[in-house]
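Observations on chain architecture
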Amino acid sequence: MEIAVLFSVFIVLLLIGIPIAFSLGIASLSYLLLADISLTIVPQRMYAGLDSFVLLCIPGFVLAGNLMNVGNITHHIVRFSNALVGHIRGGLGLANVGGSMIFGGISGTAVADAASIGSVMIPGMARAGYDKPFAAAVTAASSTVGPIIPPSVPMIIAGSLSGVSVGKMFLAGAIPGLLMGLAMMITVYILAVKRGYPREKRSTFRELVQEGRSAFWALLMTFIILYGIIGGFFTPTEASIVASLYALVIGMFVYKGINWRNLPQIVVDTVLTSGSLMLLVGLANLFGWILTSEQIPQMVAGLILNISENPLVVILILNLILLFVGTFMETIAALIILFPALMGVATGIGMDPIHFGLMAVLNLMIGLTTPPLGVCLFVVSGIGKLPMLQVARAIVPFLICNLVVLLLVSYVPALSLWLPNLLMGD
């Protein structure tokens, strides 16, 4: 009965629009009261969920992303991407995807990507003659590349839950992230040719070099983070602090988008975002502890393996579960609650933890753009002042191409394991 109440309260609260963190907390509290368990378990389990050195890098990367947002980084990334591919049919759409791939290596979050790139590209593409729903759909779909290409906040969570190196998790996302970007660019080009979308004037070599030089500092940030972690110069947590300091210096003295008056608001935004994420992590850990104590993960594993023990079928079932959950649950909460249960199933059929971790994150990212509750769809709908249904229709071709990449990543482990094994060993 207690478990029935736990899930009933949680689902009802989600349906009436209560934030996911509070839904998890209230549902957990309902269970504890009914089961007559001491409420001292609440702070204990919340603290246990946060008591991880790796999780300290989340505020650091959030701060770095905020500094780069304010520091005019989006403007330079978009201009550089447009200089590279703007002359091709549908060039602004291609630049949108390219900009998200570059920006994703800085912010590490899909929603930040959708908001930052979307505020520039959706109005710009509409003025250039693109359908606004198409512009919004491209922005939402390409924003999901952000947490796949390193650095990535969901990868940090997956690494801490599975006990594998966060550096390896970062590297595992590089090739799948590039595949996603390429697949979406092909989709943009096909639709642009079919619908007769415009192309921009080809940039001269001098213009290309000039735009590349202005975007160089943004590109260098990702290199510093990855090289520092892979080379053993610093941990992911230390890398987040290095990234923040780098972003501050570049934003103030190179791009000149940050001044001393901006800093208090940047810090406040970082504290609010990081605090909400940490609250979510703590309450999700409490919820996950209840599920574990009730042996729900073992029940889920048993149900899946009762359907089939064929690895190909089990991987498909895992994908369907993660896609479904990703459409209505926040990524980090879904990882903390589902990851331990599904990880047992995945490793039981011989999947590498890094391979499964990447597959899980990719599923949940696609869920952010899946109707009816995809968060990134709401973000771009708001920016474009469009009905949600229009954007949902326009995003279907991009969902299809991302699902194709998901299947490739799921069934070809080398796509996610080759790079981390090559650079960091077994």
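Residues numbered from 1 in each chain as written. Predicted model: local features only at pLDDT ≥ 70, side-chain atom pairs only at ≥ 80, totals over all residues. Heavy atoms only, no water.

**Describing the overall build of the protein**
Heads up, the condition is: Strands are runs of DSSP state E lasting at least 2 residues, helices are runs of H or I lasting at least 4, and numbering of each runs from the N terminus. Per-residue and other accessible areas were derived by the Shrake-Rupley procedure at a 1.4 Å probe size, with only the shown protein chains allowed to occlude residues.
Along its length, the protein carries 22 helices and zero strands. Put simply, the protein shows about 17,900 Å² of open surface, and 69% of that area lies on carbon and sulfur atoms.

**Considering the packing of helix H8 (residues 132-143) against helix H19 (residues 375-384)**
Here is the rule we go by: Where helices are involved, their axes are fitted lines through C-alpha atoms of the stretch in contact, as for all axes, and angles between N-to-C directions lie from 0 to 180°. When the near helix sits turned anticlockwise from the far one by under a right angle, the crossing is termed left-handed; a clockwise turn instead gives a right-handed crossing. Contact between two residues is taken to exist if any of their heavy atoms lie within 4.5 Å; hydrogens are not considered. Under the convention adopted here, Pro, Cys and the residues Ala, Val, Leu, Ile, Met, Phe, Trp and Tyr are nonpolar, Asp, Glu, Lys and Arg are charged, and Gly plus all remaining residues are polar.
Taken N-terminus to C-terminus, the directions of H8 and H19 make an angle of 145 degrees; their axes are 9 Å apart at the nearest point. Once H8 is placed against H19, the crossing between them reads as right-handed. Every residue of H19 that contacts H8 at Lys132, Ala136, Thr139, Ala140 and Ser143 is listed here: Cys376, Leu377, Val380 and Gly384. For the contact of H8 with H19, the per-class residue count stands at five nonpolar, three polar and one charged.

**Details of unusual backbone geometry**
Applied cut-off: Classification of residues uses two cut-offs on accessible area relative to the type maximum, computed with a 1.4 Å probe and protein chains only: under 20% is buried, over 50% is exposed, and between them is partly exposed.
Within the chain, Asp36 stands out as a residue other than glycine whose phi angle is a positive 55 degrees. For Asp36, the position within the fold is in the loop between helix H2 (20-34) and helix H3 (41-50). Under the relative-accessibility criterion, Asp36 is labelled exposed at 70%. Despite not being glycine, Lys385 has its phi angle at roughly 50 degrees, a positive value.

**Let's talk about the nonpolar core**
Convention followed: Think of a nonpolar core as a cluster: buried Ala, Val, Leu, Ile, Met, Phe, Trp, Tyr and Cys residues, connected wherever their side-chain atoms sit within 4.5 Å. Where each domain begins and ends follows an automated or database-derived domain assignment.
Counting residues in each nonpolar core, the largest one holds 142 residues, and the members touching the most others are Leu24, Ile58, Phe134, Leu318, Phe356 and Phe398. Counting the residues that make up this core, at least three belong to each of domain 1 (1-37) and domain 2 (53-424). In contact with Ile58, other than residues within four places in its own chain, are Val153, Ile156, Ile157, Leu277 and Met278.

**Looking at H2**
What counts here: Given the number of residues in a helix, its expected span is that number minus one, multiplied by 1.5 Å.
An ideal rise of 1.5 Å per residue puts 21 Å on 15 residues; H2 measures up with 21 Å between its terminal C-alpha atoms. Those residues of H2 that sit buried are Ile20, Ala21, Ser23, Leu24, Gly25, Ala27, Ser28, Tyr31 and Leu32. Contacts from the buried residues of H2 go to helix H1 (2-15), H3, helix H14 (263-293) and helix H17 (331-348). Where H2 ends, the next residue or the one after it, Asp36, has phi of about 55 degrees, a positive value.

**Thoughts on the side chain of Ser308**
Note the threshold: In protein, a polar contact means a hydrogen-donor-capable atom and an acceptor-capable atom, both N or O and within 3.5 Å, with residues adjacent in sequence counting only if both atoms are side-chain atoms; elsewhere, any N or O pair within 3.5 Å suffices.
One can find Ser308 in the loop between helix H15 (296-307) and helix H16 (311-326). A polar contact of 3.0 Å, which involves the side chain of Ser308, links it to the backbone nitrogen of Asn310. Residues within four places of Ser308 in sequence aside, it is in contact with Val313 and Val314.

**Points about the domain arrangement of the protein**
To be explicit about the condition: Note on definitions: buried area is the accessible-area loss of two parts on being combined, 1.4 Å probe, summed for both. Throughout this description, the term salt bridge denotes a Lys or Arg side-chain nitrogen within 4 Å of a carboxyl oxygen of Asp or Glu.
In terms of domains, the protein is made up of domain 1 (1-37) and domain 2 (53-424). Each of domain 1 and domain 2 was reduced to a C-alpha centroid, and the two centroids are 29 Å apart. Taken together, the contact pairs 14 residues of domain 1 with 17 residues of domain 2. Note on domain 1 versus domain 2: buried area summed over both sides is about 1,300 Å², and carbon and sulfur give 88% of it. At the junction of domain 1 with domain 2, the criterion picks out zero salt bridges. Contributions of two or more residues to the side of domain 1 that touches domain 2 are made by H1 and H2.

**Comments concerning the state of the cysteines**
Operational definition: When the sulfur atoms of two cysteines come within 2.5 Å, that pair is taken as a disulfide.
Inspection of the entire model under this criterion finds zero disulfides. The structure places no disulfide on Cys376, whose sulfur is separated from the nearest cysteine sulfur, that of Cys401, by 15 Å. For Cys376, a relative accessible area of 0% translates into the label buried. Taking the relative accessible area as the measure of exposure, Cys401 reaches 10% and is therefore buried.

**Digging into the environment of Asn421**
As for its placement among the helices and strands, Asn421 is situated in helix H22 (residues 414-424). A relative accessible area of 34% means that Asn421 is categorised as partly exposed. Note: C-alpha distance between Asn421 and Met359 (62 residues apart in sequence) is 17 Å.

**Considerations on the packing of H15 against H16**
For clarity, the threshold we go by: Here is the rule for angles: anything less than 35 degrees is roughly parallel, anything more than 145 is roughly antiparallel, 65 through 115 is roughly perpendicular, and the remaining ranges are oblique.
The contact between H15 and H16 brings their axes to 9 Å, and the two run at 130 degrees. As far as their axial angle goes, H16 and H15 are oblique. When the axes of H15 and H16 are compared, the crossing they make is right-handed. Facing Ile304, Leu305 and Ile307 of H15, the residues of H16 in contact are Val314, Ile317, Leu318 and Ile321. Across the contact of H15 with H16, the residue classes break down as seven nonpolar, no polar and no charged.

**What about the side chain of Ser143?**
Along the polypeptide, Ser143 turns up in helix H8. A distance of 2.6 Å separates the side chain of Ser143 from the backbone oxygen of Ala140, its partner in a polar contact.

**Here's the deal with the packing of aromatic side chains**
Here is the rule we go by: Here a pair means two rings of Phe, Tyr or Trp (six-membered ring of Trp) with centres within 6.5 Å. Their orientation is stacked below 30 degrees between planes, edge-to-face above 60, and tilted elsewhere.
The final tally for this structure, using the stated rule, is eight aromatic pairs. Ring plane angle 40 degrees and centroid distance 4.8 Å describe the contact between Phe134 and Tyr197, whose orientation is recorded as tilted. Placement of Phe134 in helix H8 and of Tyr197 in the loop between helix H11 (174-195) and helix H12 (205-230) is noted, with a sequence separation of 63 residues between them. Both residues of the pair, Phe134 and Tyr197, count as buried. Ring centres of Phe134 and Phe398 lie 6.1 Å apart, and the angle between their planes is 50 degrees; on these two criteria the pair is classed as tilted.

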